[in-house]
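Okay, here's what each chain looks like letter by letter:
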Amino acid sequence: MRRRLSAFAAAGLAAILALGCGTTASAGTSPANPDGGKGGKGLCAPGVPIGPEGEKFYDPPSPLPEGDHGDLIWARRVDAPDGSRACRILYLSTLQSGRPVAVSGIVAWPDAPAPRGGRNVVAWAHGTVGGPRQCAPSAVPKPATDLVGYYTYDSPWGIDVGVPALTQFLDSGDVVVGTDYQGLGTPGVHQYTVAVTETNNVLDSVRAARQITDTHANRKAAVLGWSQGGGAAAFIAQNYKAYTPETNLVGIAALAPAANLGPDFRGLVLPGPTSPTSPSHNAALRVNVYRGFLAAYPELKAEDVLKPAGLEALRGDGVMCIEHLADVIQNNVGNNGQLDTLFQPLTVVPEVWHKRFRENTAGLAASVTPILVMQGTADTVINPNSTDEYVKRACRFNKPVEYTKYQGATHQTIPQVAEPEYLSWIADRFAGRPAPSNCA
């Protein structure tokens, strides 16, 4: 999920690569076409197939190559922070239905001799960027960077780009890998907040990073997720052993996680902080959830949750990144106090939808790895009351759950203000120290 609405969201979209939403960038000008490596050849590492330049990087072979989930299809070198190397990657993963798909992302690692035991892996699960292909964070010219938030004066993009504390993780000797998730970058409708699809994509990115032998990635991994990615991380804590049993997941750190869909979509959670534009922004997120579920579950019907105006917004969600869509909703119905023209009332939404929302609600099963949850009290995107509910559920299983609330922190600022905590917490998990827990 995302942060509050900006009136200037659409302006940044002109700068981001259009991969399949009605516009085409030439190979010479595409943001996905920087030098890409020594001599412009794009070699990621010895033995790794070199992917095409530009937007064609994100078009996988058809049919997909044979292989296991997590296998690399190809990669291409991109600029990296000093003292490190980085590549775009395309790899195999699976949808919640079990169907194989191609997924894109990035991987970065220190350009130095590896320790005897190899390098630990930090998997980054990004927050909501929207529904269409062009919203992939890896598609900008320099995706291997410390987080550049959309709501900063430093960002020329229409989405958040980069990884929080990337350079710190690299300085600590870690490999960092970040998935785009299925349907962002690569073809297909992005199955937004569909837990199994997202967790598969994250876990397979770790496998893909290990296939680049130059990374010297070992089997230890931790997941850092924000918002949408925080919800994915919460599910990974529950089920990773069934999908990638060879990975030694030492812990997951979730920033403002989207982990409470079932109660949220029944309207059972106490209201949280708000702002003049957050209702329109949250309406865009709601449309994005519906689109993702419609892609994953063929028995669901859009008309059961959306009115005619909402069906128009649903079409927009297929061509606009999230802040653009939120601005359009604000302009068309939010300014007039007519957000209710988009949605069927929650009270009439059929149970078949609520069944799927509950399936994608975290904390209903025991975690098999320690959890750190960080939530800002001024968050207008992920309701702090929703995060409280998730933590209460997770704590019922008597597993280590550490929950920290940051007074005054917003959805935009939580990755920065909580940085010292998740850096030290992840380092402690890699070191094998006992995980703290403050469950009541």
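Reading the values: rules and limits
- Residues numbered from 1 in each chain as written.
- Predicted model: local features only at pLDDT ≥ 70, side-chain atom pairs only at ≥ 80, totals over all residues.
- Heavy atoms only, no water.
- 1 Å grid on protein atoms, 1.4 Å probe; cavity = no way out; pocket = protein on both sides within 12 Å on 5 of 7 lines; lining within 4 Å.
- Points joined across faces, edges and corners; volume = space filled by probe spheres on them.
- Helix = DSSP H or I, 4+ residues; strand = E, 2+ residues; numbered from the N terminus.
- Nonpolar A, V, L, I, M, F, W, Y, C, P; charged D, E, K, R; others polar.
- Buried < 20%, exposed > 50% of the residue type's maximum accessible area, 1.4 Å probe, protein only.
- Pairing = 2+ DSSP bridges.
- Right-handed = clockwise from strand over helix to strand, strands pointing away.
- Phe/Tyr/Trp six-rings, centres within 6.5 Å; stacked < 30°, edge-to-face > 60°.
- Lys NZ or Arg CZ within 6 Å of the ring centre and 35° of its normal.
- Contact = heavy atoms within 4.5 Å.
- Polar contact = N/O pair within 3.5 Å; in protein donor to acceptor, adjacent residues only side chain to side chain.
- Axes fitted to C-alpha atoms, helices over the stretch in contact; angles between N-to-C directions.
- Parallel < 35°, antiparallel > 145°, perpendicular 65-115°, else oblique.

**Quick look at the layout of surface pockets**
A volume near 830 Å³ is recorded for the largest pocket. Asp264, Asn282, Arg286, Val381 and Asn383 are, among the 33 residues lining the largest pocket, the residues nearest its centre. Of all the elements in the fold, those that place two or more residues in the lining of the largest pocket are helix H5 (261-264) and helix H6 (278-296). It is H6 that contributes the most residues to the lining of the largest pocket, seven residues altogether. In the lining of the largest pocket, the residues fall into 20 nonpolar, nine polar and four charged.

**Looking at the pairing of strand E7 (residues 248-255)**
With seven of eight residues buried, E7 is to be regarded as a mostly interior element. Summarising the sheet, strand E6 (residues 217-226) and E7 pair through seven bridges and their orientation is parallel. Bridge assignment links Trp226 to a residue of E7, and that residue is Leu255. Remark: the E6/helix H4 (residues 228-243)/E7 crossover connection has right-handed handedness. Bridging between E7 and strand E8 (residues 371-376) involves four bridges; their strand directions are parallel. Looking at E8, one finds that Ala254 is bridged to Val373.

**Some points on the packing of aromatic side chains**
Throughout the structure, instances matching the rule amount to 11 aromatic pairs. An aromatic cluster is present here, built from Phe265, Tyr290, Phe293, Tyr297, Phe343, Trp353 and Phe357 joined pairwise through their rings. A cation over a ring is seen here: Arg286 above Phe343, with NZ or CZ 3.8 Å from the ring centre.

**Quick notes on unusual backbone geometry**
Between Ser62 and Pro63 the backbone carries a cis peptide bond, its omega angle lying at 0°. Even without being glycine, Tyr181 reaches a positive phi, approximately 75°. Of note, Tyr181 is situated in the loop between strand E5 (175-179) and helix H3 (195-211). For Ser227, which is not a glycine, the phi torsion comes out positive at approximately 65°. Note on placement: Ser227 falls in the loop between E6 and H4. What makes Ser227 buried here is its relative accessible area of 0%.

**Description of the environment of Gln238**
On the secondary structure map, Gln238 appears in helix H4. The class of Gln238 is buried, set by a relative accessible area of 18%. Distance in space between the C-alpha atoms of Gln238 and Asp68 is 22 Å, their sequence separation being 170 residues. Contact partners of Gln238, with chain neighbours within four places excluded, come to Ala362, Gly363, Leu364, Ala365, Ala366, Ser367 and Val368. A distance of 2.7 Å separates a polar atom in the side chain of Gln238 from the backbone nitrogen of Gly363.

**Some points on the sheet that holds E7**
One open sheet accounts for nine strands, arranged E1-E2-E3-E5-E4-E6-E7-E8-E9; its pairing is mixed. Two strands lie at the open edges of the sheet, namely strand E1 (72-78) and strand E9 (401-406), each paired on one side alone. Strand-to-strand twist across the sheet, computed as the mean angle between neighbouring axes with direction ignored, equals 20°. One ladder, built from four bridges, connects strand E3 (residues 100-110) with E5; its direction is antiparallel. For Ile106, the partnering residue across the bridge sits in E5 and is Gly178. Of the strands in this sheet, E8 and E9 touch helix H10 (residues 384-395), which is tilted by about 165° from E9. Contacts from helix H12 (residues 419-430) reach strand E4 (119-125), E6, E7, E8 and E9 within the one sheet, and its direction differs from that of E7 by about 170°.

**Comments concerning the side chain of Thr186**
One can find Thr186 in the loop between E5 and H3. At a separation of 3.0 Å, a polar atom in the side chain of Thr186 contacts the main-chain carbonyl oxygen of Ala102.

**Comments concerning empty space enclosed by the protein**
According to the stated counting rule, one finds four cavities of 30 Å³ or more in the structure shown. Its volume calculated, the largest cavity comes out at about 130 Å³. Together, 18 residues line the largest cavity, and Trp124, His126, Pro137, Val161 and Gly162 are the ones closest to its centre. Residue assignment for the lining of the largest cavity shows that the elements contributing at least two residues are E3 and E5. Residue composition of the lining of the largest cavity, by class: nine nonpolar, seven polar and two charged. Its boundaries defined by the atoms lining it, the second largest cavity holds a volume of some 50 Å³. Looking at the second largest cavity, the residues that line it are Thr193, Ala195, Glu198, Gln228, Gly231, Ala232, Phe235, Ala258, Leu261 and Asn360. Where the lining of the second largest cavity is concerned, the elements lending two or more residues are H3 and H4. Sorting elements by how many residues they give to the lining of the second largest cavity places H4 first, with four residues. Along the lines of polarity and charge, the residues of the lining of the second largest cavity split into five nonpolar, four polar and one charged.

**Quick look at the packing of H3 against H4**
Across the interface, H3 lies against H4 with an axial gap of 8 Å and an inter-helix angle of 75°. Overall, the two elements H3 and H4 adopt an arrangement that is roughly perpendicular. Of H4, the residues touching H3 (which contributes Ala195, Glu198, Thr199, Asn200, Val202, Leu203, Asp204 and Arg207) are Gln228, Ala232, Phe235, Ile236, Asn239, Tyr240 and Tyr243. Counted by class, the contact of H3 with H4 contains eight nonpolar, four polar and three charged residues.

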